[in-house]
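One letter stands for each residue in the lines below.
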Amino acid sequence: MKPAAIETFFATLKAANPMPVTELEYTSVFELLAAVLLSAQATDVGVNKATRRLFPVANTPHKILALGLEGLESHIKTIGLFRSKAKHLMATCRILVEQHGGRVPRTREALEALPGVGRKTANVVLNVAFGEPTMAVDTHIFRVGNRTGLAPGKTPLAVEQQLLKRIPPAYLVDAHHWLILHGRYVCQARKPLCHQCAVAHTCDFQPKTRA
DNA sequence: ATCCCGAGGG
DNA sequence: CCCTCTGGAT
């Protein structure tokens, strides 16, 4: 996709306004970090269901440490990969308390040093909470970037770098939001709804079922 | 490359 | 039954 098409691409996505908007629910930077950590290979709806149980009981590192591992697991059992996520979140809380004064660190290095926090999770926290110009490439954005030709790349990092090159820094949060929604509701992994896609005319992808 | 691992949709 | 979901650690 040519640079000139980028603005048209996002303007068109915005105007199309796809479907019910569900997002991760949080009321603090720590809740954001915890929710994103839990969201690996899980739906936003599923994560919210768990955090609605967990956060009223424990929404700080100290409170989660006080729950104990089994207590934490009991609150998030409905999410896939819950055992490893509970273990990681618990270990992360311990580090936040012992090394960061109970607060979420602001640097990529410190964030990625937390158990269960990789590049994607760090990018979300850096951008959404701290306003840094990062682009978190999740499964949706990786797929949409490659299918459309907006940001082709063999790895999430390559797609991330393409997007950072093409999207103005101030627009990154917005662009991330719209790429996610587009991937979730229109450019679906399994069965993309190309016939009702607002940006089909600027897309490289040709569905097998097309006429 | 493989494992983790529940819920929801097809 | 199958696949996918805002990945990360080993």
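In this text, all values refer to a predicted model and were calculated from it rather than measured experimentally.

**Student:** Looking at this structure, I do not really get the packing of helix H9 (residues 139–148) against helix H10 (residues 156–166). What am I missing?
**Tutor:** Axis angle and axis distance: for two packed helices, these are the angle between their axes and the distance between the axes, and together they describe the pair. Here H9 crosses H10 at 65°, and the two axes come no closer than 10 Å. Overall, the two elements H9 and H10 adopt an arrangement that is roughly perpendicular. Crossing hand, H9 versus H10: left-handed. In this structure, H9 contributes Ile 141, Phe 142 and Asn 146 to the contact, and H10 contributes Pro 156, Val 159 and Leu 163. Class assignment of the residues belonging to the contact of H9 with H10 gives a composition of five nonpolar, one polar and no charged.

**Student:** Teacher, can you tell me more about unusual backbone geometry here?
**Tutor:** In the Ramachandran plot, Gln 41 falls in the positive-phi region, its phi being about 50° despite a non-glycine side chain. Summarising the element assignment, Gln 41 is placed in the loop between helix H2 (29–38) and helix H3 (44–57). The backbone of Leu 81 shows a phi angle near 60°, a positive value even though the residue is not glycine. Its place among the elements puts Leu 81 in the loop between helix H5 (69–76) and helix H6 (82–99).

**Student:** Help me understand the UniProt feature "domain: HhH-GPD" (unreviewed entry) in chain A, please; the structure alone is not making it clear to me.
**Tutor:** Following the UniProt record, one finds the feature "domain: HhH-GPD" (unreviewed entry) at residues 38–185. When the span residues 38–185 is considered, its composition is 67% helix and 0% strand, and the gap between its end C-alpha atoms is 21 Å.

**Student:** So what exactly am I meant to see when it comes to the domain arrangement of chain A here?
**Tutor:** Where the parts come together, the accessible area they lose is often given as the size of the interface. Domain parsing of chain A yields domain 1 (4–18 + 135–202) and domain 2 (29–129). The centre of domain 1, based on its C-alpha atoms, is set 27 Å off from the matching centre of domain 2. Every contact between the two is made by eight residues of domain 1 and, on the other side, six residues of domain 2. Both sides of the domain 1 and domain 2 interface together cover about 630 Å² of buried area, and 54% of this is carbon and sulfur. Looking only at domain 1, the three residues that lose the most surface to domain 2 are Ala 136, Glu 160 and Val 173, adding up to 49% of its buried area. For the interface between domain 1 and domain 2, the tally reads one salt bridge. The salt bridge partner of Glu 160 is Arg 119, with a shortest N-O separation of 2.8 Å. Connecting domain 1 to domain 2 are three residue pairs in polar contact (both at pLDDT 80 or more). Among the elements of the structure, H10 and helix H11 (172–185) are those that each provide at least two residues to the side of domain 1 that touches domain 2. By residue class, the composition of the side of domain 1 that touches domain 2 is six nonpolar, no polar and two charged.

Conventions we followed
Residues numbered from 1 in each chain as written. Chains lettered and ligands numbered in written order. Predicted model: local features only at pLDDT ≥ 70, side-chain atom pairs only at ≥ 80, totals over all residues. Heavy atoms only, no water. Axes fitted to C-alpha atoms, helices over the stretch in contact; angles between N-to-C directions. Helix = DSSP H or I, 4+ residues; strand = E, 2+ residues; numbered from the N terminus. Parallel < 35°, antiparallel > 145°, perpendicular 65-115°, else oblique. Left-handed = near helix turned anticlockwise from the far one by under 90°. Contact = heavy atoms within 4.5 Å. Nonpolar A, V, L, I, M, F, W, Y, C, P; charged D, E, K, R; others polar. UniProt positions renumbered as here; feature names shortened; annotations may be inferred. Domains from an automatic or database assignment. Buried area = accessible area lost by both parts, 1.4 Å probe. Salt bridge = Lys/Arg side-chain N within 4 Å of Asp/Glu carboxyl O. Polar contact = N/O pair within 3.5 Å; in protein donor to acceptor, adjacent residues only side chain to side chain.

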